[in-house]
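# Reading the structure
Each chain, letter by letter, is given below.
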Amino acid sequence: MGQVPVKDVRKLRTHRWQRRDSSCDIDVRFVLAITSEVLHNRGMREDERRRRFHDLHVSGTFLMPNPHDLGSCRLLSELGFEALATTSGGLAASLGRRDMSVSRDQLVEHVTSLCAATDLPVNVDAEQCFPASPGGIEATVALLAEAGAAGCSIEDWDPDDACVEAVGLPT
């Protein structure tokens, strides 16, 4: 990540994760920070992340672990993964709520903070993509793109009916 000027740091935490066994010795240290430089250069980073995300899909199968907060986002970013994917259940649990009960504003805020904390492409578990919210699915996708998402998925589970939606219904 390089040096972060102290005057620009809005949130600063240092975490350490260490694993030692006979086959590996990993020592990961990282700082959670959102600086004015990160926010200023964000547009250029988003285009590059989306290009990398597209290239990963073209090249074949890849693994996207699920950070549920800034700490797990930073940790997974430093462990060599090529992309990350949010988890609606993890976000909801971190807020003390049930899956599929988070508001669109809460999701967008979460995605904004994760995308600011990593240079990796981030795919968003957008639940049903909030079709009943103002602007519906189209507005949700636009908001997630503005937040820095490289992609998103739309869930086909209907929590009101407790069943999978019929094919073609979300479209």
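The preceding data block contains the structure.
Structural notes, computed from the coordinates.

As a further point, take helix H5 (residues 104-117). Here H5 contains 14 residues, and its C-alpha end-to-end distance of 20 Å stays within 8% of the 20 Å for a straight helix at 1.5 Å per residue. Of the residues making up H5, those classed as buried are Arg-104, Leu-107, Val-108, His-110, Val-111, Leu-114, Cys-115, Ala-116 and Ala-117.

Contact geometry of H5 with helix H6 (residues 136-147) gives a least axis separation of 8 Å together with a crossing angle of 25°. Judged on the interaxial angle alone, H6 and H5 are roughly parallel. In this structure, H5 crosses over H6, and the sense of that crossing is right-handed. Packed against H5, whose contacting residues are Arg-104, Leu-107, Val-108, Val-111, Thr-112 and Cys-115, the element H6 presents Gly-136, Ala-139, Thr-140, Leu-143, Leu-144 and Ala-147 at the interface. The residue inventory of the contact of H5 with H6, partitioned by class, reads eight nonpolar, three polar and one charged.

The subject of this paragraph is the state of the cysteines. One pass over the structure, following the stated rule, counts zero disulfides. No disulfide involves Cys-115; its sulfur sits 7.8 Å from that of Cys-73, the nearest cysteine. No disulfide involves Cys-129; its nearest neighbouring cysteine sulfur is the one of Cys-152, lying 4.8 Å away. Cys-129 sits in the buried class, given a relative accessible area of 0%.

So, how was this worked out
Residues numbered from 1 in each chain as written. Predicted model: local features only at pLDDT ≥ 70, side-chain atom pairs only at ≥ 80, totals over all residues. Heavy atoms only, no water. Helix = DSSP H or I, 4+ residues; strand = E, 2+ residues; numbered from the N terminus. Expected span 1.5 Å × (residues − 1). Buried < 20%, exposed > 50% of the residue type's maximum accessible area, 1.4 Å probe, protein only. Axes fitted to C-alpha atoms, helices over the stretch in contact; angles between N-to-C directions. Parallel < 35°, antiparallel > 145°, perpendicular 65-115°, else oblique. Left-handed = near helix turned anticlockwise from the far one by under 90°. Contact = heavy atoms within 4.5 Å. Nonpolar A, V, L, I, M, F, W, Y, C, P; charged D, E, K, R; others polar. Disulfide = S-S within 2.5 Å.

By themselves, these are just geometric observations and shouldn't be taken as functional.
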